[in-house]
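Architecture and fold: a report
Single-letter residue listing:
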Number of protein chains: 2
Amino acid sequence: MKSALSKLGQRTQSPPISWLMDLALSRPHLISLAAGFTDNASLPVDFTRELVDEILRHAKHGQPALQYGPTAGDPMLRELTAKRLTELDARESSRNQSERIAAESIIITHGSQQLLYILTEALCDPGDIVLVEDPTYFVYLGIAQSHGLDCRGVRMEADGIDLDHLEQLLKRLKQSGELKRVKFLYLVSYYQNPACLTTSFEKKEKALALLRQYEKFAGHPIYLLEDAAYRELRFTGADTRSALCARGAEARVLYTGTYSKPFATGVRVGFGVLPEPVLTLATRIKGNHDFGTANLVQQILVKALRTGRYETHLSNLRRRYARKSAVMEKAMEKYFPAGVTWPAIEGGLYFWAKTPTRVKTGIKSRTFQEALNADVFYVPGAFCYANDKSRRKPDNEMRLSFGSASEKNIREGIKRLGSVLHGRS
Amino acid sequence: MKSALSKLGQRTQSPPISWLMDLALSRPHLISLAAGFTDNASLPVDFTRELVDEILRHAKHGQPALQYGPTAGDPMLRELTAKRLTELDARESSRNQSERIAAESIIITHGSQQLLYILTEALCDPGDIVLVEDPTYFVYLGIAQSHGLDCRGVRMEADGIDLDHLEQLLKRLKQSGELKRVKFLYLVSYYQNPACLTTSFEKKEKALALLRQYEKFAGHPIYLLEDAAYRELRFTGADTRSALCARGAEARVLYTGTYSKPFATGVRVGFGVLPEPVLTLATRIKGNHDFGTANLVQQILVKALRTGRYETHLSNLRRRYARKSAVMEKAMEKYFPAGVTWPAIEGGLYFWAKTPTRVKTGIKSRTFQEALNADVFYVPGAFCYANDKSRRKPDNEMRLSFGSASEKNIREGIKRLGSVLHGRS
């Protein structure tokens, strides 16, 4: 007897992240430089306790927090989110009222992950093409695979996506008649997971113009999906404006963000800014998924944003991660062989370290196995590359997270990994 | 230029519930007997405040509550849920350890709605057939439509699904060669939304046996999906055992339940008991959706269940709804014309009232319009029937909810509706 599984069911693979998480849980002594978790000690326990206490102190305000809310999200949270994004993009100074992001264009979701899923459902049929960064967020590759999508990698440079390569790719897709299957370009634009690169505003604007130029051959809109999950985790430098500020953004940019990482991962609240008809459709799909995100966690964010405690927490968090990233970098400088390199970072949770080409880092490599034997592990770089046949998947990179490990464990983990790498070089 | 929407995107309609909710929001004086909301005054505001205070009082326990957790759900909540279901099915007395529900077979989701969605994704391709009750939960019909499914209605009797009709239907599907497209029978088995019928254990067991008998012609498993969302909202009578106790259930029953309605709808926590391979697949899809349900709300449920406050709240809630249902029934007896009938209920949130055939109740009917003019509204029965061409959709029923309206508004709403109905008869 066959299984009753759907095609999506048959395509949905066990995500590599599950395997890594199981590994971490089964070996408690293991130092994980793999997890994208935030730092336990950084979590706003006291703040959240105070916030919930205030929300639920009086029945009048407490009852709505425990009731269903609108599917698109709490109106006040949508408004505060619109305001915050407007400020981040430094639009407040603008005299042009219409440049402000409208609360009505915001949707609140159960983490931004849920919105990435919903947007994929809303736009993509099996066989459709999504352009992704090379490397990209590996959980998104899992979503794409389960939907039968064909991901094509766009090369990256120090300041983000390689526009020449994007143009070449679009040209080739036009020539092969595949452009009508292209639905969007997926950019993790701030301190990107995994490579921690940030795409400059100029490049986002040019990428959007390129998509616009080619969409007439596609016969339908080609969107720019900007995943800004790490935007608020900035240590230094100025904020980069989002693609929402680019010319032509109103109708073509799908922006996703989250409060989970900057505030608390156990409070799963993400959001998006979407143009029509995608906004209406995403809201309908969200209704089918779950009617709307748990109201209580939305109210926690409303209260945190309004009272300024969100900002206070975020400043602490940024300092904390800046310090931890410095600890990791110093340890890498001390313990890693000279042939291992990594770009400097200005935010986020990760370093992206490259070993000499002959030193493989994949899960079957000696490096990975020896690291495991030394009770330390990382995310193999190869997980983060789409199955794009036009190039070989690089297999000599590691995503090293300083998110969840303590400073002591970061030092110790890098030291152990350094020994393994010295032995391999 | 065409839209870039996927086929699912194009199929996903605005759910009728949105229209009804917008209507309610835009006319605050309207008495809604439509909403499936629970009662604001019943929400456990003080309980939840105490629970969160306890959870977040110490960093040691508070931090994990604000961190990511396993995708399948918090291990303690899975264990408590398994224990609770075992008790509800009165299995505790059983000497047979193996009869207990295993924590490992439980998945925690963002409301049980999310699990209904995930199961549909996991099992159904466009064109597949799902057998549903006639009438059934209308939001499920929206999910099915968005996935391009073909829903076939099974007639209902006072003690639940009509087994003869189910058998006829299976036979016809076998003859027409369509059985291989049938994936599951969807039963809202307790105080069903909308008609408030409960399917007896015997009928569930027989339905399962029938599915089993026909699945050899399908060539794949045909599951019984038991949606027990209203199970805990019982006023009188004994609990009916779930389909999980039926012979052959281990491999073929997909059970979904929720803590949202019995506890608080703003705390969206649902769960399922699933056999393999569905459990593994649902967990993977859940990982793609959102990695796991917000940990904080799961911890609230853990604490509520462990301290007995869940039970205390539930007893109050049952008494409260029993009283409100009595208020509604008394009002209907007093104000409705003799030709309007409804079955007695033993739990849930709804009455299902039938008008004489010539008195239509649909949104374009005079009854609905006149009710709106009198500032009262209900869910038209026709929303709750699948697009099954083998019968005409009944259009002379109303789902009347006593969930969210106050006792005063229930009386007043029924009085107004009674005037409208008297005018129409």
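Everything below is about the structure printed above this text.
Keep in mind it's a predicted model, so treat the numbers as computed, not measured.

**Here we look at the packing of aromatic side chains**
Applying the stated rule across the entire model yields 26 aromatic pairs over all chains. On the basis of an interplanar angle of 85° and a centroid distance of 5.2 Å, the ring pair of Phe368(A) and Tyr378(A) is categorised as edge-to-face. You can see Phe368(A) sitting in helix H14 (residues 366-373) and its partner Tyr378(A) sitting in the loop between strand S11 (376-377) and strand S12 (379-380), a full 10 residues away along the chain. Overall, Phe368(A) belongs to the buried group, its relative accessible area being 1%. By relative accessible area, which is 0% here, Tyr378(A) ends up buried. Centroid distance Tyr259(B) to Tyr310(B): 5.6 Å. Interplanar angle 90°. Geometry classified as edge-to-face. Residue Tyr259(B) is located in the loop between strand S8 (253-258) and strand S9 (270-273), and its partner Tyr310(B) is located in helix H13 (residues 309-335); the two are separated by 51 residues in the primary sequence.

**Side note on the nonpolar core**
Ranked by size, the top nonpolar core spans 301 residues in total, and within it Leu400(A) and Leu400(B) carry the most contacts. If we skip the residues at most four places from it in the chain, Leu400(A) touches Leu33(A), Met328(A), Met332(A), Phe336(A), Leu349(A), Tyr350(A), Phe351(A), Ala353(A), Tyr378(A), Ile414(A) and Leu417(A).

**As for helix H15 (residues 407-424) of chain B**
Along an α-helix, a turn takes 3.6 residues, which lines up residues three or four apart on a common side. Residue and element names in this part refer to chain B. Across its 18 residues, H15 extends 26 Å between first and last C-alpha, which sits within 8% of the 26 Å expected from 1.5 Å per residue. Of the residues making up H15, those classed as buried are Ile410, Gly413, Ile414, Leu417, Gly418, Val420, Leu421 and Arg424. Seen from one end, H15 has its buried residues packed into an arc of 165°, which puts them on one side. Opposite its buried face, H15 presents the exposed residues Lys408 and Gly423, each directed more than 90 degrees away.

**Looking at the interface of chain B and chain A**
Counting residues at the interface gives 80 residues for chain B, matched by 80 residues for chain A. Overall, the association of chain B and chain A removes approximately 6,900 Å² of surface from exposure, summing both partners, and the carbon and sulfur fraction of that is 62%. Its largest share of buried area at the contact with chain A, chain B owes to Leu66(B), Tyr68(B) and Asn288(B), together 11% of the area lost on that side. At the junction of chain B with chain A, the criterion picks out 2 salt bridges. As a salt-bridge pair, Asp53(A) and Arg49(B) come within 2.9 Å of each other at their nearest N and O atoms. If you look at where chain B meets chain A, you find 42 residue pairs in polar contact (both at pLDDT 80 or more). When contributions to the side of chain B that touches chain A are tallied by element, the ones reaching two or more residues are helix H1 (7-11), helix H3 (45-55), helix H4 (59-65), helix H6 (111-123), helix H7 (138-146), helix H9 (201-218), helix H11 (278-290) and helix H12 (295-306) of chain B.

**Some remarks on the pairing of strand S13 (residues 397-401) of chain A**
Residue and element names in this part refer to chain A. Of all 5 residues making up S13, 5 are buried, and the element is well covered by its neighbours. Of the two faces of S13, both are covered, the one formed by Glu397, Arg399 and Ser401 as well as the one formed by Met398 and Leu400. In the sheet, strand S10 (residues 350-354) pairs with S13 via 5 bridges, with the strands oriented antiparallel. Directly across from Phe351, in S13, lies its bridge partner Leu400.

About the criteria used
- Residues numbered from 1 in each chain as written.
- Chains lettered and ligands numbered in written order.
- Predicted model: local features only at pLDDT ≥ 70, side-chain atom pairs only at ≥ 80, totals over all residues.
- Heavy atoms only, no water.
- Phe/Tyr/Trp six-rings, centres within 6.5 Å; stacked < 30°, edge-to-face > 60°.
- Helix = DSSP H or I, 4+ residues; strand = E, 2+ residues; numbered from the N terminus.
- Buried < 20%, exposed > 50% of the residue type's maximum accessible area, 1.4 Å probe, protein only.
- Core = buried A, V, L, I, M, F, W, Y, C linked by side-chain atoms within 4.5 Å.
- Contact = heavy atoms within 4.5 Å.
- Expected span 1.5 Å × (residues − 1).
- Arc of directions from axis to C-beta.
- Buried area = accessible area lost by both parts, 1.4 Å probe.
- Salt bridge = Lys/Arg side-chain N within 4 Å of Asp/Glu carboxyl O.
- Polar contact = N/O pair within 3.5 Å; in protein donor to acceptor, adjacent residues only side chain to side chain.
- Pairing = 2+ DSSP bridges.

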